[in-house]
Amino acid sequence: MNNEARNSSGHSLPKGSAVLLIHGFTGSPTAMEPWARSLQGAGFTAAVPLLPGHGTRWQDMIPVGYSEWIQATEQAFDDLARTHGTVFVAGLSMGGALALHLATRRNVAGISLVNPGLVVDSALAPMTPWLKHLMRSVAPISNDIAKRGVDEGAYPRTPVAAVAQLHALFAQTRSRLELVTAPVQLFRSTVDNVVSEASVRELVAGLKPGTLAEHHMLLHSKHVATLDYDAEQIFHESARFFSQLSSTAHSRTGGPL
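About the criteria used
- Residues numbered from 1 in each chain as written.
- Predicted model: local features only at pLDDT ≥ 70, side-chain atom pairs only at ≥ 80, totals over all residues.
- Heavy atoms only, no water.
- Core = buried A, V, L, I, M, F, W, Y, C linked by side-chain atoms within 4.5 Å.
- Buried < 20%, exposed > 50% of the residue type's maximum accessible area, 1.4 Å probe, protein only.
- Helix = DSSP H or I, 4+ residues; strand = E, 2+ residues; numbered from the N terminus.
- Contact = heavy atoms within 4.5 Å.
- Pairing = 2+ DSSP bridges.
- Axes fitted to C-alpha atoms, helices over the stretch in contact; angles between N-to-C directions.
- Salt bridge = Lys/Arg side-chain N within 4 Å of Asp/Glu carboxyl O.
- Right-handed = clockwise from strand over helix to strand, strands pointing away.

Caption draft 1: Summary view of the nonpolar core. Judged by nonpolar contacts, the single largest core of 45 residues is most densely connected at Leu20, Trp69, Met94, Leu100 and Ile111. Mapped onto this core, the elements with two or more residues apiece are β1 (16-22), α2 (66-81), β3 (84-92), α3 (94-103), β4 (111-114), α5 (160-176), β7 (184-189) and α6 (197-206). When residues no more than four places from it in sequence are discounted, the contact partners of Leu20 are Ala47, Pro49, Thr73, Ala76, Phe77, Leu80, Phe88, Val89, Ala90 and Leu102. With 27 residues, the next largest nonpolar core counts Leu21, Leu39, Phe44 and Phe241 among its residues.

So this is what it looks like as structure tokens:
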């Protein structure tokens, strides 16, 4: 799998609506592809880029800087924006932070977040730029899924150097949250062993009042909720949310999207 955004529909309409879906840290498009297929069925073009350093070996993440993840999402968004009148963004975990960061630099029409990360929940996170010289990797943070037998396709180890980049990405994204103007839809699992409530608190505190348009609780899923019991809820509610925003944009412009 390469590092290019893949168009799930196989074609694009110049005035249509598209959704860019961004996977999580050490993960892969596997966690987002069912969501992309569902959105495609609802009439959207869906693209799921593979982030730099992902989808191969965990060692390949070590030299990758967080700016490369930002650039990859911006490039994928720009590719969609060239052929679509409206582009939405959806993100899982770290993908949520990248979606929010993207919304501060591009004309994102709306954002759907599933258990977005904005805080690395470890007291050692600020020390990872130095710890990476002492240890190359730590235990994985993958497959936090209530449904049995499901594999998100994440790495079996977590590179410490990559955690340092994740910590820096989160810090920069938190500092830019007030610049987000696109409506935000949040899905939050009641049990999440990867991202704590600290990230949700930072999101709510950082966004301008009214930007967080919807907050849905996922009662039966863990962190990778897009592959879990509440996946259909995410798919249905996000399609409705994006469709409503598309209709609003249509009424403002008075023409087809």
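Caption draft 2: Representation of the sheet that holds β7 in the model. Across the sheet, which stays open at both edges, the six strands sit in the order β2-β1-β3-β4-β7-β8 with parallel pairing between neighbours. Bordering the open sheet on either side are β2 (45-47) and β8 (212-218), each of which pairs with just one other strand. Along the sheet, successive strands turn relative to each other by an average axial angle of 20°, direction set aside. Note: β4 against β7, four bridges, orientation parallel. In the sheet register, Leu113 faces β7, and the bridge partner there is Leu186. In this fold helix α1 (residues 33-41) packs onto β1, β2, β3 and β4, with an angle of close to 170° to the strand it touches most, β1. Here α2 sits on the sheet and contacts β1, β2 and β3; the angle it forms with β1, its principal contact strand, is near 165°.

Caption draft 3: Looking closely at the pattern of salt bridges. Tallying each qualifying case throughout the model produces nine salt bridges. Among the ionic pairs, Arg105 bridges to Glu74, the shortest N-O distance being 2.3 Å. Here Arg105 is found in the loop between α3 and β4, whereas its partner Glu74 is found in helix α2, with 31 residues between them in sequence. One salt-bridge network, held together by shared partners, links Glu74, Asp78, Arg105 and Arg106.

Caption draft 4: How the structure looks around the pairing of β4. Side chains Ile111 and Leu113 project from β4 onto one buried face, and the interleaved Ser112 and Val114 project onto a second face that is buried too. With four bridges joining them, β3 and β4 adopt parallel strand pairing. Each residue of the ladder has a partner; that of Val89, found in β4, is Ile111. In this view, the connection linking β3 to its parallel neighbour β4 by way of α3 has right-handed handedness.

Caption draft 5: Representation of the pairing of β3 within the structure. By the criterion of burial, β3 is predominantly enclosed, with eight of the nine residues buried. Bridge analysis of β1 against β3 gives seven bridges, and the strand direction is parallel. Each residue of the ladder has a partner; that of Ile22, found in β3, is Gly91.

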